[in-house]
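Chain by chain, the residues run as shown.
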Amino acid sequence: MSEVRDATARLQSRRRGDRRRRWLRWLVAGVVLALLAAAVWVVGFSPVLAVRSVTVTGTDVLTRADVLAAAEVGVGTPMVALDTGAVADRVAGLPPVASVTVTRAWPGTVRVAVSERKPRLAIPAGGGYLLADAEGVVFRAVRSAPPGLVVVDADPDDQQVLVDVGTVFSSLSPQTAAKVSRLAAPSRDGIELRLTDGSRVIWGSADDSALKSEVLDALLPLGGTQFNVSAPAFPTRR
(Lines give C-alpha, C1' and ligand atoms only; values in the text may rest on other atoms or scores of the structure.)
Protein backbone atom coordinates (compact mmCIF):
# COMPACT_ATOMS: atom_id res chain seq x y z
CA MET A 1 0.00 0.00 0.00
CA SER A 2 2.85 2.30 0.90
CA GLU A 3 4.49 1.59 -2.45
CA VAL A 4 1.30 2.51 -4.28
CA ARG A 5 1.05 5.81 -2.40
CA ASP A 6 4.68 6.60 -3.16
CA ALA A 7 4.21 5.85 -6.85
CA THR A 8 1.08 8.02 -6.96
CA ALA A 9 2.90 10.89 -5.21
CA ARG A 10 5.79 10.64 -7.66
CA LEU A 11 3.40 10.67 -10.61
CA GLN A 12 1.55 13.70 -9.25
CA SER A 13 4.84 15.46 -8.59
CA ARG A 14 6.02 14.70 -12.12
CA ARG A 15 2.77 16.03 -13.58
CA ARG A 16 3.08 19.23 -11.53
CA GLY A 17 6.64 19.60 -12.80
CA ASP A 18 5.50 19.07 -16.38
CA ARG A 19 2.81 21.73 -15.95
CA ARG A 20 5.32 24.16 -14.49
CA ARG A 21 7.72 23.57 -17.38
CA ARG A 22 4.92 24.05 -19.93
CA TRP A 23 3.91 27.28 -18.26
CA LEU A 24 7.54 28.38 -18.15
CA ARG A 25 7.92 27.64 -21.87
CA TRP A 26 4.76 29.60 -22.63
CA LEU A 27 6.01 32.46 -20.47
CA VAL A 28 9.39 32.52 -22.22
CA ALA A 29 7.71 32.36 -25.64
CA GLY A 30 5.41 35.23 -24.66
CA VAL A 31 8.34 37.34 -23.49
CA VAL A 32 10.24 36.63 -26.71
CA LEU A 33 7.24 37.57 -28.85
CA ALA A 34 6.76 40.74 -26.84
CA LEU A 35 10.41 41.66 -27.31
CA LEU A 36 10.19 40.94 -31.05
CA ALA A 37 7.07 43.05 -31.35
CA ALA A 38 8.78 45.87 -29.45
CA ALA A 39 11.84 45.61 -31.70
CA VAL A 40 9.67 45.72 -34.84
CA TRP A 41 7.85 48.77 -33.52
CA VAL A 42 11.09 50.54 -32.59
CA VAL A 43 12.74 49.82 -35.95
CA GLY A 44 9.77 50.21 -38.26
CA PHE A 45 7.34 52.63 -36.65
CA SER A 46 8.79 54.59 -33.76
CA PRO A 47 10.67 57.89 -34.10
CA VAL A 48 13.69 56.32 -32.39
CA LEU A 49 15.11 55.02 -35.70
CA ALA A 50 13.51 57.49 -38.10
CA VAL A 51 15.16 59.94 -40.48
CA ARG A 52 16.29 63.01 -38.57
CA SER A 53 18.66 64.58 -41.08
CA VAL A 54 19.90 64.30 -44.67
CA THR A 55 23.49 65.20 -45.56
CA VAL A 56 24.55 66.14 -49.10
CA THR A 57 28.13 66.09 -50.37
CA GLY A 58 29.87 66.55 -53.71
CA THR A 59 27.81 69.41 -55.13
CA ASP A 60 29.15 72.45 -56.95
CA VAL A 61 26.74 73.23 -59.77
CA LEU A 62 23.80 71.97 -57.72
CA THR A 63 22.77 73.31 -54.34
CA ARG A 64 21.88 71.26 -51.30
CA ALA A 65 18.28 72.42 -51.75
CA ASP A 66 18.26 71.07 -55.33
CA VAL A 67 19.35 67.63 -54.16
CA LEU A 68 16.97 67.54 -51.19
CA ALA A 69 14.04 68.50 -53.40
CA ALA A 70 14.85 65.68 -55.81
CA ALA A 71 15.58 63.12 -53.07
CA GLU A 72 12.17 63.58 -51.41
CA VAL A 73 13.32 62.07 -48.11
CA GLY A 74 10.86 63.07 -45.42
CA VAL A 75 12.09 63.65 -41.88
CA GLY A 76 10.37 61.09 -39.67
CA THR A 77 10.41 58.34 -42.30
CA PRO A 78 11.46 55.03 -40.67
CA MET A 79 15.04 54.34 -41.70
CA VAL A 80 14.30 50.68 -42.42
CA ALA A 81 11.47 51.62 -44.78
CA LEU A 82 13.58 54.07 -46.79
CA ASP A 83 14.11 52.93 -50.39
CA THR A 84 17.65 54.18 -50.99
CA GLY A 85 17.59 52.94 -54.59
CA ALA A 86 14.53 55.03 -55.39
CA VAL A 87 16.11 58.07 -53.72
CA ALA A 88 19.27 57.60 -55.79
CA ASP A 89 17.22 57.28 -58.99
CA ARG A 90 15.43 60.56 -58.28
CA VAL A 91 18.67 62.43 -57.60
CA ALA A 92 20.32 60.86 -60.66
CA GLY A 93 17.58 62.48 -62.75
CA LEU A 94 19.15 65.90 -62.16
CA PRO A 95 21.14 66.78 -65.32
CA PRO A 96 24.40 67.74 -63.53
CA VAL A 97 24.55 64.40 -61.67
CA ALA A 98 26.96 61.83 -63.10
CA SER A 99 26.50 59.35 -60.25
CA VAL A 100 25.03 59.26 -56.77
CA THR A 101 25.22 57.01 -53.72
CA VAL A 102 22.59 57.00 -50.97
CA THR A 103 23.35 55.29 -47.66
CA ARG A 104 21.86 55.03 -44.18
CA ALA A 105 23.93 56.20 -41.20
CA TRP A 106 22.17 54.83 -38.13
CA PRO A 107 20.36 55.84 -36.08
CA GLY A 108 18.80 58.67 -38.12
CA THR A 109 20.94 60.14 -40.90
CA VAL A 110 20.68 59.64 -44.67
CA ARG A 111 23.81 60.45 -46.67
CA VAL A 112 23.57 61.51 -50.31
CA ALA A 113 26.97 61.58 -52.04
CA VAL A 114 26.83 63.21 -55.48
CA SER A 115 29.40 63.18 -58.26
CA GLU A 116 28.72 65.91 -60.80
CA ARG A 117 29.48 65.88 -64.51
CA LYS A 118 32.73 67.51 -65.62
CA PRO A 119 32.37 70.12 -68.39
CA ARG A 120 34.36 69.25 -71.52
CA LEU A 121 32.26 70.72 -74.34
CA ALA A 122 30.78 74.21 -74.80
CA ILE A 123 27.92 74.72 -77.26
CA PRO A 124 27.11 78.36 -78.20
CA ALA A 125 23.42 79.04 -77.53
CA GLY A 126 21.38 82.21 -77.11
CA GLY A 127 24.24 84.56 -76.33
CA GLY A 128 25.81 82.12 -73.90
CA TYR A 129 26.93 78.51 -73.79
CA LEU A 130 25.55 75.13 -72.89
CA LEU A 131 28.08 73.02 -71.04
CA ALA A 132 28.25 69.27 -71.70
CA ASP A 133 30.40 66.45 -70.41
CA ALA A 134 32.62 64.28 -72.61
CA GLU A 135 29.61 62.16 -73.58
CA GLY A 136 27.68 65.16 -74.86
CA VAL A 137 25.22 65.34 -71.95
CA VAL A 138 24.19 68.98 -71.53
CA PHE A 139 23.81 69.92 -67.88
CA ARG A 140 24.34 73.64 -67.45
CA ALA A 141 23.86 77.01 -69.17
CA VAL A 142 26.42 79.79 -68.62
CA ARG A 143 27.09 83.25 -70.01
CA SER A 144 30.74 82.57 -70.82
CA ALA A 145 32.52 79.25 -71.30
CA PRO A 146 35.31 78.33 -68.89
CA PRO A 147 38.76 78.16 -70.50
CA GLY A 148 40.00 74.83 -71.78
CA LEU A 149 36.70 73.53 -73.12
CA VAL A 150 36.18 72.33 -76.68
CA VAL A 151 33.74 74.61 -78.51
CA VAL A 152 31.11 72.71 -80.49
CA ASP A 153 29.53 74.33 -83.54
CA ALA A 154 26.17 72.55 -83.63
CA ASP A 155 22.47 73.23 -83.31
CA PRO A 156 21.92 73.33 -79.52
CA ASP A 157 18.34 72.16 -80.03
CA ASP A 158 19.33 69.04 -81.97
CA GLN A 159 19.68 66.51 -79.18
CA GLN A 160 20.68 63.66 -81.47
CA VAL A 161 23.55 65.65 -82.97
CA LEU A 162 24.77 66.47 -79.45
CA VAL A 163 24.62 62.80 -78.53
CA ASP A 164 26.64 61.97 -81.66
CA VAL A 165 29.18 64.64 -80.77
CA GLY A 166 29.53 63.08 -77.33
CA THR A 167 30.00 59.65 -78.88
CA VAL A 168 32.80 60.98 -81.06
CA PHE A 169 34.58 62.98 -78.39
CA SER A 170 34.39 60.27 -75.73
CA SER A 171 35.88 57.77 -78.19
CA LEU A 172 39.08 59.80 -78.60
CA SER A 173 42.22 58.76 -76.78
CA PRO A 174 43.26 61.19 -74.02
CA GLN A 175 46.24 62.32 -76.11
CA THR A 176 44.11 63.13 -79.15
CA ALA A 177 41.27 64.67 -77.13
CA ALA A 178 43.80 67.08 -75.62
CA LYS A 179 44.65 68.29 -79.16
CA VAL A 180 41.06 69.13 -80.14
CA SER A 181 40.27 72.85 -80.03
CA ARG A 182 36.95 72.90 -81.85
CA LEU A 183 34.34 70.48 -83.11
CA ALA A 184 31.87 71.15 -85.90
CA ALA A 185 28.68 69.17 -86.42
CA PRO A 186 26.51 70.84 -89.07
CA SER A 187 24.80 67.49 -89.51
CA ARG A 188 24.94 63.95 -88.11
CA ASP A 189 27.06 62.81 -91.08
CA GLY A 190 29.30 65.86 -91.25
CA ILE A 191 31.20 65.88 -87.97
CA GLU A 192 34.68 67.42 -88.11
CA LEU A 193 37.45 68.06 -85.58
CA ARG A 194 39.81 71.03 -85.58
CA LEU A 195 43.11 70.45 -83.80
CA THR A 196 45.26 72.96 -81.97
CA ASP A 197 47.91 72.87 -84.73
CA GLY A 198 45.29 73.97 -87.28
CA SER A 199 44.81 70.59 -88.92
CA ARG A 200 41.37 69.25 -89.78
CA VAL A 201 39.89 65.80 -89.16
CA ILE A 202 36.91 64.72 -91.29
CA TRP A 203 35.05 62.25 -89.08
CA GLY A 204 31.71 61.82 -90.82
CA SER A 205 29.03 60.16 -88.69
CA ALA A 206 29.40 58.82 -85.16
CA ASP A 207 29.29 55.24 -86.49
CA ASP A 208 32.44 53.17 -85.81
CA SER A 209 33.84 55.94 -83.64
CA ALA A 210 36.08 53.57 -81.65
CA LEU A 211 37.68 52.28 -84.85
CA LYS A 212 37.99 55.78 -86.31
CA SER A 213 39.76 56.89 -83.14
CA GLU A 214 42.32 54.11 -83.47
CA VAL A 215 42.91 54.94 -87.13
CA LEU A 216 43.33 58.63 -86.33
CA ASP A 217 45.89 57.86 -83.62
CA ALA A 218 47.89 55.93 -86.22
CA LEU A 219 47.63 58.74 -88.82
CA LEU A 220 48.51 61.78 -86.70
CA PRO A 221 52.19 60.89 -86.15
CA LEU A 222 52.63 60.69 -89.93
CA GLY A 223 51.89 64.41 -90.25
CA GLY A 224 49.51 66.36 -92.45
CA THR A 225 46.96 69.14 -92.45
CA GLN A 226 43.86 67.09 -93.21
CA PHE A 227 42.92 63.61 -92.07
CA ASN A 228 39.85 61.76 -93.30
CA VAL A 229 38.64 58.80 -91.21
CA SER A 230 35.01 58.89 -92.30
CA ALA A 231 35.64 55.52 -93.98
CA PRO A 232 38.03 53.99 -91.44
CA ALA A 233 38.95 51.08 -93.69
CA PHE A 234 40.25 53.57 -96.30
CA PRO A 235 41.61 56.60 -94.38
CA THR A 236 43.46 59.41 -96.13
CA ARG A 237 45.75 62.26 -95.13
CA ARG A 238 47.43 65.12 -96.92
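Calculation rules
- Residues numbered from 1 in each chain as written.
- Predicted model: local features only at pLDDT ≥ 70, side-chain atom pairs only at ≥ 80, totals over all residues.
- Heavy atoms only, no water.
- Helix = DSSP H or I, 4+ residues; strand = E, 2+ residues; numbered from the N terminus.
- Buried < 20%, exposed > 50% of the residue type's maximum accessible area, 1.4 Å probe, protein only.
- Contact = heavy atoms within 4.5 Å.
- Areas by Shrake-Rupley, 256 points an atom, 1.4 Å probe, with all protein chains shown as cover.
- Core = buried A, V, L, I, M, F, W, Y, C linked by side-chain atoms within 4.5 Å.
- Pairing = 2+ DSSP bridges.
- Arc of directions from axis to C-beta.
- Axes fitted to C-alpha atoms, helices over the stretch in contact; angles between N-to-C directions.
- Parallel < 35°, antiparallel > 145°, perpendicular 65-115°, else oblique.
- Left-handed = near helix turned anticlockwise from the far one by under 90°.

Novice: When you look at the overall build of the protein in this model, what are you seeing that I'm missing?
Specialist: Within the protein, the secondary structure is distributed over six helices and 12 strands. Looking at the protein residue by residue over its 238 residues, the buried ones come to 36%. Sequence-distant contacts, at least 24 apart, represent 45% of the contacts inside the protein between residues at least 6 apart. By element, 56% of the accessible surface of the protein is carried by carbon and sulfur atoms, the whole surface being about 14000 Å².

Novice: Which parts of the structure should I look at to understand the nonpolar core?
Specialist: Formed by 29 residues in total, the largest nonpolar core has its most connected members in F169, L183, L193, V201 and W203. At the level of secondary structure, the elements contributing two or more residues to this core comprise β4 (121-125), β5 (128-132), β7 (150-153), α4 (159-171), β8 (180-184), β9 (191-195), β10 (200-204) and α6 (209-219). Excluding residues that lie within four positions of it along the chain, W203 makes contacts with V168, S171, L172, I191, E192, L193, S209, K212, S213, L216, V229 and S230. In this structure, M79, A88, V102 and V110 belong to the second largest nonpolar core, which totals 20 residues.

Novice: Before we go on, may I ask you to explain the sheet that holds β4 in this structure?
Specialist: Strands belonging to one sheet form pairs held by backbone hydrogen bonds; the direction of such a pair is parallel or antiparallel. Read from one edge of the open sheet, nine strands run β6-β5-β4-β7-β8-β9-β10-β11-β12, paired in mixed fashion. Edge positions in the sheet fall to β6 (138-142) and β12 (236-237), since each of these pairs with one other strand and no more.

Novice: Looking at this structure, I do not really get the side chain of D164. What am I missing?
Specialist: Turning to its location among the elements, D164 is positioned in helix α4. The exposure class of D164 is buried, given its relative accessible area of 6%.

Novice: Before we go on, may I ask you to explain α6 in this structure?
Specialist: One full turn of an α-helix is made of 3.6 residues, so residues set three or four places apart face in the same direction. Within the sequence span of α6, burial applies to S209, K212, S213, V215, L216 and L219. Buried residues of α6 fall within an arc of 165° about the axis and therefore sit on the same side. Summarising the geometry of α6, the exposed residues directed more than 90 degrees from the buried face are A210, E214 and A218. On its buried face, α6 sits against α4, α5 (174-177), β10, β11 (226-228) and β12.

Novice: What should I look at first to understand helix α2 (residues 64-71) in this one?
Specialist: V67, A70 and A71 are the residues of α2 that are buried. All buried residues of α2 lie within an arc of 100° about the axis, which places them on one face of the element. In this structure, α2 carries A65 and A69 as exposed residues pointing more than 90 degrees from its buried face. Those residues of α2 that are buried are in contact with β1 (53-57), α3 (84-92) and β3 (109-116). At the C-terminal side of α2, E72 shows a positive phi close to 55°.

Novice: Would you explain the side chain of T176 in this entry?
Specialist: Here T176 lies in helix α5. If near-sequence neighbours (up to four positions away) are discounted, T176 is found in contact with L216, D217 and L220.

Novice: Where do I start with the pairing of β6 in this structure?
Specialist: It is a general feature of regular strands that their side chains alternate between the two faces of the sheet. Taken together, the four bridges between β5 and β6 define a ladder with antiparallel strand orientation. From the neighbouring strand, L131 faces β6, where its bridge partner is R140. Linking β5 to β6, which pair antiparallel, is a turn of five residues; within it G136 sits at a positive phi near 85°.

Novice: Would you explain the packing of α2 against α3 in this entry?
Specialist: The relative placement of two packed helices comes down to the angle between their axes together with the axis-to-axis distance. At a minimum axis distance of 8 Å, the contact between α2 and α3 shows a crossing angle of 130°. One way to sum up the angle between α2 and α3 is to call them oblique. Two packed elements cross with a definite hand, and for α2 against α3 that hand is right-handed. Residues V67, A70 and A71 of α2 lie in contact with α3, whose contacting residues are V87, R90 and V91.

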